[in-house]
Amino acid sequence: MPLAGFSAGLVVCLFVGWLVFPQILYSEKTQPIDFSHKLHVDEVGECDGCHYFREDGSFSGIPRLASCVECHEEAVGEHPEEAKLVAEYVKPGKEIPWLVYARQPDCVYFSHAAHVKMAELDCVICHGPIGDSDHTRPYQYNLITGYSRDIWGWNIAGMSKNAWDYSQTDESGEVHIDSPARMKMDDCAICHEEKGTNDGCFVCHK
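Residues numbered from 1 in each chain as written. Predicted model: local features only at pLDDT ≥ 70, side-chain atom pairs only at ≥ 80, totals over all residues. Heavy atoms only, no water.

As for the pattern of salt bridges
Phase 1 of the analysis: Summed over the entire model, instances satisfying the criterion amount to four salt bridges.
Phase 2 of the analysis: Aspartate 42 is paired through a salt bridge with lysine 38; the nearest N and O atoms lie 3.3 Å apart. One end of the pair, aspartate 42, and the other, lysine 38, are both in helix H2 (residues 37–44), four residues apart, so they sit about a helical turn from each other.
Phase 3 of the analysis: The partly exposed category is assigned to lysine 38, whose relative accessible area is 34%.
Phase 4 of the analysis: For lysine 91, the salt bridge identified is with glutamate 74, shortest N-O distance 2.7 Å. (Salt bridge = Lys/Arg side-chain N within 4 Å of Asp/Glu carboxyl O. Helix = DSSP H or I, 4+ residues; strand = E, 2+ residues; numbered from the N terminus. Buried < 20%, exposed > 50% of the residue type's maximum accessible area, 1.4 Å probe, protein only.)

Concerning the nonpolar core
One recurring pattern in soluble globular proteins: nonpolar side chains tend to sit buried together.
Phase 1 of the analysis: By size, the foremost hydrophobic cluster in this structure holds seven residues: Ile33, Leu65, Cys68, Leu85, Tyr89, Val90 and Ile96.
Phase 2 of the analysis: Elements with a contribution of two residues or more to this core: helix H3 (65–72) and helix H4 (80–90).
Phase 3 of the analysis: Considering every element that reaches this core, the biggest residue donor is H4, with three residues. (Core = buried A, V, L, I, M, F, W, Y, C linked by side-chain atoms within 4.5 Å.)

Points about the environment of isoleucine 144
Phase 1 of the analysis: Relative to the helices and strands, isoleucine 144 resides in the loop between strand S2 (139–142) and helix H7 (149–152).
Phase 2 of the analysis: Through-space distance from the C-alpha of isoleucine 144 to that of leucine 25 is 7.3 Å; in sequence the pair is 119 residues apart.

A few points about the environment of valine 100
Phase 1 of the analysis: Mapped onto the elements, valine 100 comes out in the loop between H4 and helix H5 (112–118).
Phase 2 of the analysis: For the pair formed by valine 100 and tyrosine 147, sequence separation is 47 residues and the distance between their alpha carbons is 9.8 Å.
Phase 3 of the analysis: If sequence neighbours within four positions are ignored, valine 100 has contacts with Ile62, Tyr139 and Ser148. (Contact = heavy atoms within 4.5 Å.)

Here's the deal with the packing of H3 against H4
Phase 1 of the analysis: Axis separation between H3 and H4 bottoms out at 12 Å; the angle between their running directions is 125°. When the interaxial angle is binned, H3 and H4 end up oblique. The handedness of the crossing between H3 and H4 is left-handed. The segment H3 lies against H4, with Leu65, Val69 and His72 engaging Glu82, Leu85, Val86, Tyr89 and Val90. (Axes fitted to C-alpha atoms, helices over the stretch in contact; angles between N-to-C directions. Parallel < 35°, antiparallel > 145°, perpendicular 65-115°, else oblique. Left-handed = near helix turned anticlockwise from the far one by under 90°.)

Some details on the side chain of aspartate 150
Phase 1 of the analysis: Mapped onto the secondary structure, aspartate 150 falls in helix H7.
Phase 2 of the analysis: Take aspartate 150: its relative accessible area is 6%, and that puts it in the buried class.
Phase 3 of the analysis: A polar side-chain atom of aspartate 150 sits 2.5 Å from a polar atom in the side chain of arginine 137. (Polar contact = N/O pair within 3.5 Å; in protein donor to acceptor, adjacent residues only side chain to side chain.)

Overview of unusual backbone geometry
Phase 1 of the analysis: The backbone of glutamate 120 sits at a positive phi, close to 55°, despite the residue not being glycine.
Phase 2 of the analysis: By secondary structure assignment, the location of glutamate 120 is in the loop between H5 and helix H6 (124–127).
Phase 3 of the analysis: The class for glutamate 120 is exposed, based on a relative accessible area of 65%.

So, the side chain of histidine 72
Phase 1 of the analysis: Relative to the assigned elements, histidine 72 resides in helix H3.
Phase 2 of the analysis: Judged by relative accessible area, histidine 72 falls into the buried class, the value being 15%.
Phase 3 of the analysis: For histidine 72, the residues in contact, after removing those within four places along its chain, are His40, Glu82, Leu85, Val86 and Val90.

What to know about the packing of aromatic side chains
Phase 1 of the analysis: The full count for this structure, using the stated rule, is four aromatic pairs.
Phase 2 of the analysis: Here tyrosine 101 and tyrosine 139 contribute two aromatic rings whose centre-to-centre distance is 6.1 Å and whose plane-to-plane angle is 40°, an arrangement assigned as tilted. Residue tyrosine 101 is located in the loop between H4 and H5, and its partner tyrosine 139 is located in strand S2; the two are separated by 38 residues in the primary sequence. This pair shows no difference in class: tyrosine 101 is buried, exactly as tyrosine 139 is.
Phase 3 of the analysis: One aromatic cluster in this structure is built from Tyr101, Tyr139 and Tyr141. (Phe/Tyr/Trp six-rings, centres within 6.5 Å; stacked < 30°, edge-to-face > 60°.)

What about a nonpolar patch on the surface?
Phase 1 of the analysis: The grouping of Val12, Phe15, Val16, Leu19, Val20, Phe21 and Ile24 at the surface amounts to a nonpolar patch, some 620 Å² of accessible area in total.
Phase 2 of the analysis: Mapped onto the elements, leucine 19 comes out in helix H1 (residues 2–25). (Patch = residues over 30% accessible without salt bridge, like charges linked within 9 Å, V, L, I, M, F, W, Y side chains within 5 Å. Areas by Shrake-Rupley, 256 points an atom, 1.4 Å probe, with all protein chains shown as cover.)

Here is the structure:
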């Protein structure tokens with residue numbers, strides 16, 4: 001009888017932990033524009049066509065509105081999301097409030113220059129095949145920490161998977177990334193160990 005009670009309790013705990021808890025822990029927001037990375041990669045080339053390094057070596061990150069205006073001062077097509085971009089952001093001169101999936105906690109120091117320029121890592125190593133995606137996915141964040149779910153990962157147990165394994169293709173052939181990889185300290189540490197890179201605390205933590 002005690003064993004049966006323990007087993008029943010274990011099943012309830014697993015059910016709550018795996019299925020109910022994630023629904024309570026995370027909330028979701030929609031990106032301001034449904035953006036096609038694939039379309040833009042096809043037009044401007046590789047990732048650095050928009051996410052470039054400045055002359056001083058610093059990384060530009062997510063493009064500012066001024067970069068978008070270079071091509072979208074007026075709508076160049078008939079897509080409703082482009083019309084929304086022009087009407088709500090370009091014409092009023094308002095920056096697009098993108099929600100950053102990969103934003104690290106404040107205690108973390110991360111240099112794109114060190115990883116892309118010096119270590120010559122491909123963008124997909126950390127970001128997955130986002131350049132192939134036709135749509136932006138919802139931004140999920142932890143209600144307690146406020147961090148993006150992409151940091152912990154979408155597996156509630158925190159189990160890791162290669163970033164490039166996460167794209168899905170729907171019936172129309174369009175690519176979505178519904179369950180992206182994680183960007184936890186463990187992943188950084190594994191890569192640093194494999195490459196023989198300094199893994200001292202001060203390298204990544206402020």
